[in-house]
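Listed below, chain by chain, are the residues.
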Protein chains: 6
Amino acid sequence: MASTYNYEYFNVTFPREYVAQVEINRPQKMNAFNETMWKGIGQIFERLSHDQDVRCVVLTSAGDRAFSAGLDVQSASETGVLSGNDGLDAARVAQRLRHHIDEFQASISQIEKCEKPVIAVLHGVSFGLALDMTLCADIRICVSTTRFAVKEVDIGLAADIGTLTRLPKANIPMSFIKDVALTARIFSAKEALAVGIVSAIYDTKAEALSKAVEKAELIASKSPVAIMGTKEVLNFSRDHSVQDGLRYVSVWNAAYCNTADVTDSLTAGIQKTKPRYAKL
Amino acid sequence: MASTYNYEYFNVTFPREYVAQVEINRPQKMNAFNETMWKGIGQIFERLSHDQDVRCVVLTSAGDRAFSAGLDVQSASETGVLSGNDGLDAARVAQRLRHHIDEFQASISQIEKCEKPVIAVLHGVSFGLALDMTLCADIRICVSTTRFAVKEVDIGLAADIGTLTRLPKANIPMSFIKDVALTARIFSAKEALAVGIVSAIYDTKAEALSKAVEKAELIASKSPVAIMGTKEVLNFSRDHSVQDGLRYVSVWNAAYCNTADVTDSLTAGIQKTKPRYAKL
Amino acid sequence: MASTYNYEYFNVTFPREYVAQVEINRPQKMNAFNETMWKGIGQIFERLSHDQDVRCVVLTSAGDRAFSAGLDVQSASETGVLSGNDGLDAARVAQRLRHHIDEFQASISQIEKCEKPVIAVLHGVSFGLALDMTLCADIRICVSTTRFAVKEVDIGLAADIGTLTRLPKANIPMSFIKDVALTARIFSAKEALAVGIVSAIYDTKAEALSKAVEKAELIASKSPVAIMGTKEVLNFSRDHSVQDGLRYVSVWNAAYCNTADVTDSLTAGIQKTKPRYAKL
Amino acid sequence: MASTYNYEYFNVTFPREYVAQVEINRPQKMNAFNETMWKGIGQIFERLSHDQDVRCVVLTSAGDRAFSAGLDVQSASETGVLSGNDGLDAARVAQRLRHHIDEFQASISQIEKCEKPVIAVLHGVSFGLALDMTLCADIRICVSTTRFAVKEVDIGLAADIGTLTRLPKANIPMSFIKDVALTARIFSAKEALAVGIVSAIYDTKAEALSKAVEKAELIASKSPVAIMGTKEVLNFSRDHSVQDGLRYVSVWNAAYCNTADVTDSLTAGIQKTKPRYAKL
Amino acid sequence: MASTYNYEYFNVTFPREYVAQVEINRPQKMNAFNETMWKGIGQIFERLSHDQDVRCVVLTSAGDRAFSAGLDVQSASETGVLSGNDGLDAARVAQRLRHHIDEFQASISQIEKCEKPVIAVLHGVSFGLALDMTLCADIRICVSTTRFAVKEVDIGLAADIGTLTRLPKANIPMSFIKDVALTARIFSAKEALAVGIVSAIYDTKAEALSKAVEKAELIASKSPVAIMGTKEVLNFSRDHSVQDGLRYVSVWNAAYCNTADVTDSLTAGIQKTKPRYAKL
Amino acid sequence: MASTYNYEYFNVTFPREYVAQVEINRPQKMNAFNETMWKGIGQIFERLSHDQDVRCVVLTSAGDRAFSAGLDVQSASETGVLSGNDGLDAARVAQRLRHHIDEFQASISQIEKCEKPVIAVLHGVSFGLALDMTLCADIRICVSTTRFAVKEVDIGLAADIGTLTRLPKANIPMSFIKDVALTARIFSAKEALAVGIVSAIYDTKAEALSKAVEKAELIASKSPVAIMGTKEVLNFSRDHSVQDGLRYVSVWNAAYCNTADVTDSLTAGIQKTKPRYAKL
């Protein structure tokens, strides 16, 4: 299948049936993000969410040095919202800032809203926006040499594209979160694994990517109804009480477990065959 | 004390004063649950919650192979809600499904609602419903050979009896949760300990059970007022903001710390005796 | 700078520019807290919150044996709320208790409400109130010999000054929390690190304190606007849904990222100089 | 159809197809509630909720003088929870009280949880528990001579069976609610209509009951799928944000609007016939 | 100013400076909505939200007979989501339904998300979607002959585009809401005023529209910073606790009340002139 | 009893046993509030909350012309937060603004936090802060000539001391709220009554005040335990789901209904005497 996903800074490929791979591709700038890029990644994931040929997505980056160095600060200061507020009063600057942040958040949040699971493979420098983006992913794995940082305080900002919001909801111990967010210090893959930011470490980028694609293939081989529901209910539950979570999954399954996928799964289990599920 | 808790698939015993032990007993089917069982376990814990002779509960399973293989799918497909929906439109099937899930959830949630702490001892195969049930327990320990899995996607379903709701609220890192819930892969006792699903591992089932009973005895030796309040406030706080949690414990203790247990505890502390608390 | 923070049981010093150090000072009683102390610590942190010469706070305790043995039970039983309720009906005792708990909580919560990050350095005996207090801190580190316990059930009480509320919101695995809160057992620094209650262990109190001051100096060297916002947004996010968190940080930064600190940071980054930020 | 709902203090009849009428029947005591009664009414509504022959319920009371004078205080003080606490400490009395209130609330809440709409017809004295119960109903109408009161403060209590919780959520102006709840004053049908506690007033009990049955018949003539969903979604929305409400109704209708009732409704609309819907 | 808002079914005009008027224009079908229309109205309000020449919006409809008869059911059944689900299992139909509802809701919610106040002028038949849409408006006024209905149960559906969610949050008494939503009965302008669905009634459509434009002009004459903030904070407060609401407005105004509009307003007040505010 | 409540701008008197009356006293400035005043009113209500000789409070204002014209804008612009921000960047101005708003809110919120019911008597001009303050009261009554306005947009601000937060939670129809908050128009006592902002209107200030004192006396004659609980539970319920509200009142009454006030009330009821309750 030839990809129709053509974006200047992204390579979108399909390494396995039902598996999409999104590669951030600006390695000469350590995959730092300019405005075209953060708008683009939102569009890609919005499309993947509705693409019936996709059941799982791998998110990776080109080059050896960096998953992403974060926001391209030079680009942002030249063309972005902070340039040229001359003559505006503070409220009007606030308005421009708020609209800018809202738009930026909305685009990055498409990674989380994508109805298919997303596996992020981090390597090398993974600073600032690298975390904002991958905290929207469902599963994070990394290379042993990955270097993480919540870098925003070093440019005078509280991180506002999601890191400060999603780290506490990813069930990472708060003392660790505060430590890295307040100091902007670099932390290692090993630390990230210990606190649960990533759930596996591999020796090389190639190996990590290979394992991610393999895991994506496994997920894509399962009932798309069950997979979508599992992602949705876990994300809903994260933000609601146990009681609300139980009610939501009850109504959800009232809609979604009356499906041929159940009998297809059971039959395949008995017959030791690989089930083929209808498109969703 | 002879137990009056007589259930076909459960042995309820009292290995220590104020300690109840609930043993799931269908080892020939790997303790897989049929409808009689999931209704029964709810009834048992509802009774234990109000039994003044019980101050802590241990939940275990008979046999060497499995804590539980989960739902007895064969039984469910023969007699359960998914059989025989011929002629009903999708909304009416949804209604049957929702009522079924609600009833199932309500029964399993009795383990969580039980006002006495529950210690679950997992061993062997611990799949699907095994997690739904034990995530309702307060403390989980296991044997080193325990094999866990969130199995539901393999039968075409998003898990709906509580696993997807309670795992995120048990403060387990989300990346790990998504990994195991989306792949249905088996994970080990060691992994479960690393992420905090269990808080201890023991070499054998006998040792784990012995330790659980010992811990239950310790808990049962303490003020039942303090123990009940501690469980209640922790569960409330899990689902509410810090501010709401602080207010709740303030009102709770306005009701519950005007008790002889405080002076009994202090006196026993000074006299180095073991306090005896009135029934609650 | 000579401190104007004069309190009977606390030494407040300024070991580095913009760094305050609060030392609990009642070592002969293992830093157990009487009413003067828990009121005092609230006043101190309320003042630090508004002190423009302070950008980060270290919380430590005098002596080798204990960060704090918790509430001074003897003092509380002689003068406190539980003494002398003769003749009052239960509702009026409840009223006294609730007002007492509210006042106590409000004072300890000043540590959390302080708009500057707080780093707690735990050592030796760290029981009961030691946890209530340090769970209000942002970062917790400790000495390898620290002994922790949620002790309240041993005096017949559910802990009501914040431990039961803040432990679940600190993203510590629930099974571990229930284990230590229901048994009141002592747990080690190593356990505390494994579950994330502390984010680092050091061999000696001197080393831990030195590292804490160093970390505080690092935090204090950064933009005070960015640091305050980071703390605020992380605490807000802990208690709200992802969507609410994203909206809050968007409005927050509409107010706070129109600041010279951003350009000061960027300029310093380019010029490899140390930025100097205006007071906040 | 002969009713199988046989209860000492209630007459359950079926005045129209799919319409049940529950009449509280203790007129000689002004329909004051003893324990048998508040347990009974919960059982009745739990059964009606699952009764496929019922699509709408009318709640009324026997006699001319009172819908209900509220709790039968004499009965409660003789046999109830407040009698005979001698020798128990305050915490243990609190435990008895809490269990009693929880059980009482759970029973009355069955009126709200009933999946079929409930129309309450109030007349005469409607004090205390009369409001707790009817605030669980969906629609309230009354006779012009009805006299309402939130009476609980006059017996030294904050109302705890639901009035203080449900009045603010029924969208009644808070100033009015506080006025009547803090003074226990009697208020008229006209006042109740003006603030929205009732949505219609009729001259006589006979007329009000007749109108209620007519309205129930109308509701019962509509798609039971649509009616159940409408009640459920309105109650859910009352307690959640607009965003949560929109998501819930979306998932709900994903389950429930794939139904023959839609085509049956449309066809009947075109053919000007009365649709007949399958049982739910 | 010539409008660049060109839409097949809508006339967008600018009757006053800073005032936009959106007229639904399909009078020959009683302004019933087809898919082109509900998508169009969302696009219009999204644009108005960011249009610096607009400070207030009036929403009205062409013709004398109807504001809107609601969804064009014929069109929906021919081309919409419910047509042609042959061969899909219930889960896949559910998926189509949920995506359809989500998209529909998102479009209509643009009326609420519009950062400028929206005044809806209802007249004639105002059924179903007419309420979904106008409950997104800030202010509702109507003509004395307006006939309202929550019509959805009559086509076998629980209303899912917002009426069931927003009516309870519009602070309309629940008993009235349930009455009209469960019976689908027509209710009058007078009833709508009495319960607060509309805040004014006028004798003719011309008069109502004239008054709406006048009110819009008044609102548009005020500080756009103050007006936007007032709408935002009221909508936020509706969905959050008082404490959260207070915190939100505090941060909001930290961003937005450092504005020349304050001094412009004060100066104009003193000089008795009409203030001119900068664009926002 | 001679009052010990001595404040420059307030007269605090005790017109009846257990009834306090707070009179705002700056009639020559139409009771507009300067900083001394808004700090003072917070201190007064904080003291009243803990004063065992007070069971109900009446809030009124001196003079015939105004309850309050709102914030004294002249005073605020001379000495307040908006004066003299020269040289500060926008973030530092935001910080000053936020601290100012927080302090202002905290002071006014003492009226709501007061554990005794507060009855506000509005007359004449009641603009801006007059509403912020009286929306913290429990019961609002007014004189027929009272003129209300949410005035803040006219000085370029979204109201930030509570009006925009508490009006929606006071269960006032949103369409009306938006109308008056976005236009700043004056509305009448009659309108205020129709939507429920006030619950009664009287012809003269003297009559309204007399009725308020009478109502306060009635409330003060009842069990202080029951009255405090009723206020607390109603305020809690306003901000939480029905389920949370039910649980809260259950725990609250576990603490507070084990009281002699119940038997004192019942005995007085039987003996037709006026009960005398112990101090709380």
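Conventions and cut-offs
Residues numbered from 1 in each chain as written. Chains lettered and ligands numbered in written order. Predicted model: local features only at pLDDT ≥ 70, side-chain atom pairs only at ≥ 80, totals over all residues. Heavy atoms only, no water. Axes fitted to C-alpha atoms, helices over the stretch in contact; angles between N-to-C directions. Helix = DSSP H or I, 4+ residues; strand = E, 2+ residues; numbered from the N terminus. Parallel < 35°, antiparallel > 145°, perpendicular 65-115°, else oblique. Left-handed = near helix turned anticlockwise from the far one by under 90°. Contact = heavy atoms within 4.5 Å. Nonpolar A, V, L, I, M, F, W, Y, C, P; charged D, E, K, R; others polar. Buried area = accessible area lost by both parts, 1.4 Å probe. Salt bridge = Lys/Arg side-chain N within 4 Å of Asp/Glu carboxyl O. Polar contact = N/O pair within 3.5 Å; in protein donor to acceptor, adjacent residues only side chain to side chain. Disulfide = S-S within 2.5 Å. Buried < 20%, exposed > 50% of the residue type's maximum accessible area, 1.4 Å probe, protein only. Least-squares fit on C-alpha atoms with pLDDT ≥ 70 in both. Phe/Tyr/Trp six-rings, centres within 6.5 Å; stacked < 30°, edge-to-face > 60°. Domains from an automatic or database assignment.

A. Fine view of the packing of helix α9 (residues 224-238) of chain D against helix α10 (residues 242-256) of chain D. Residues and elements named next belong to chain D. Direction vectors running N to C along α9 and α10 enclose 160°, while the axes themselves pass 10 Å from each other. Overall, the two elements α9 and α10 adopt an arrangement that is roughly antiparallel. Crossing handedness for the pair α9 and α10: right-handed. Contacts between α9 and α10 pair Val-225, Met-228, Gly-229, Glu-232, Val-233, Phe-236 and Ser-237 from the former with Asp-244, Gly-245, Tyr-248, Val-249, Trp-252 and Tyr-256 from the latter. Tallied by class, residues from the contact of α9 with α10 come to eight nonpolar, three polar and two charged.

B. Fine view of the interface of chain E and chain C. The interface is formed by 10 residues belonging to chain E together with 10 residues belonging to chain C. Buried surface at the junction of chain E and chain C, both sides included, amounts to about 910 Å², of which 65% is carbon and sulfur. In terms of surface lost to chain C, no three residues of chain E exceed E:Arg247, E:Tyr248 and E:Val251, which account for 50% of the buried area on that side. Viewed at the interface, chain C and chain E are joined by two salt bridges. Where C:Arg247 meets E:Glu232, a salt bridge forms, and the shortest distance between an N and an O atom there is 3.1 Å. Taken together, the connections running from chain E to chain C amount to four residue pairs in polar contact (both at pLDDT 80 or more). Counting residues per element, the ones that place at least two in the side of chain E that touches chain C are α9 (224-238) and α10 (242-256) of chain E.

C. Spotlight on the state of the cysteines. All names here are of chain C. All told, the structure shown has zero disulfides over all chains when counted by the stated rule. Note on Cys-114: no disulfide assigned, nearest cysteine sulfur contributed by Cys-56 at a separation of 9.0 Å. Residue Cys-114 is classed as buried on the basis of its relative accessible area of 1%.

D. Region of interest: the interface of chain B and chain A. With 43 residues of chain B at the interface, the matching set in chain A holds 44 residues. Roughly 3600 Å² is buried in total at the junction of chain B and chain A, and carbon and sulfur atoms are behind 65% of that figure. The tally of links from chain B across to chain A stands at three salt bridges. The interface formed by chain B and chain A holds 17 residue pairs in polar contact (both at pLDDT 80 or more) in total. Contributing elements (two or more residues each) for the side of chain B that touches chain A: α3 (90-113), α5 (163-169) and α6 (174-183) of chain B.

E. Representation of the relation of the copies chain B and chain A in the model. Least-squares fitting of chain B to chain A yields an RMSD of 0.0 Å, with the transformation described by 0.0 Å of translation along the axis and a rotation of 120°. In short, the pair behaves as if placed about a three-fold rotation axis. Across chain B, the rotation axis passes nearest the C-alpha of B:Asn171, at a separation of 3.1 Å. Little of the interface of chain B is mirrored in chain A, where only 7% of its interface residues are also at the interface.

F. Structural view of the packing of aromatic side chains. Counted according to the given criterion, the structure contains 48 aromatic pairs over all chains. Between the aromatic rings of B:Phe236 and B:Tyr248, the centroid separation amounts to 3.8 Å while the plane-to-plane angle is 10°, which identifies the pairing as stacked. Taken together, the positions of B:Phe236 in helix α9 (residues 224-238) and B:Tyr248 in helix α10 (residues 242-256) put the pair 12 residues apart, joining distant regions of the chain. Taken together, the aromatic side chains of A:Phe236, A:Tyr248, A:Trp252 and A:Tyr256 make up a single cluster linked through ring pairs.

G. Region of the structure containing the packing of helix α10 (residues 242-256) of chain A against α10(D). Where α10(A) contacts α10(D), the two axes come as close as 7 Å, and the packing angle between them is 35°. In the packing of α10(A) onto α10(D), the handedness of the crossing is left-handed. In this structure, α10(A) contributes A:Arg247, A:Tyr248, A:Val251, A:Trp252, A:Ala254 and A:Ala255 to the contact, and α10(D) contributes D:Arg247, D:Tyr248, D:Val251, D:Trp252, D:Ala254 and D:Ala255. Broken down by class, the residue content of the contact of α10(A) with α10(D) amounts to 10 nonpolar, no polar and two charged.

H. Summary view of the domain arrangement of chain A. Residues and elements named next belong to chain A. When cut into domains, chain A gives domain 1 (2-221) and domain 2 (224-271). One C-alpha centre belongs to domain 1, the other to domain 2; they are set 27 Å apart. Every contact between the two is made by 11 residues of domain 1 and, on the other side, seven residues of domain 2. Three residues stand out in domain 1 for area buried against domain 2, namely Glu-112, Glu-115 and Lys-169, and they jointly supply 54% of the buried area on that side.

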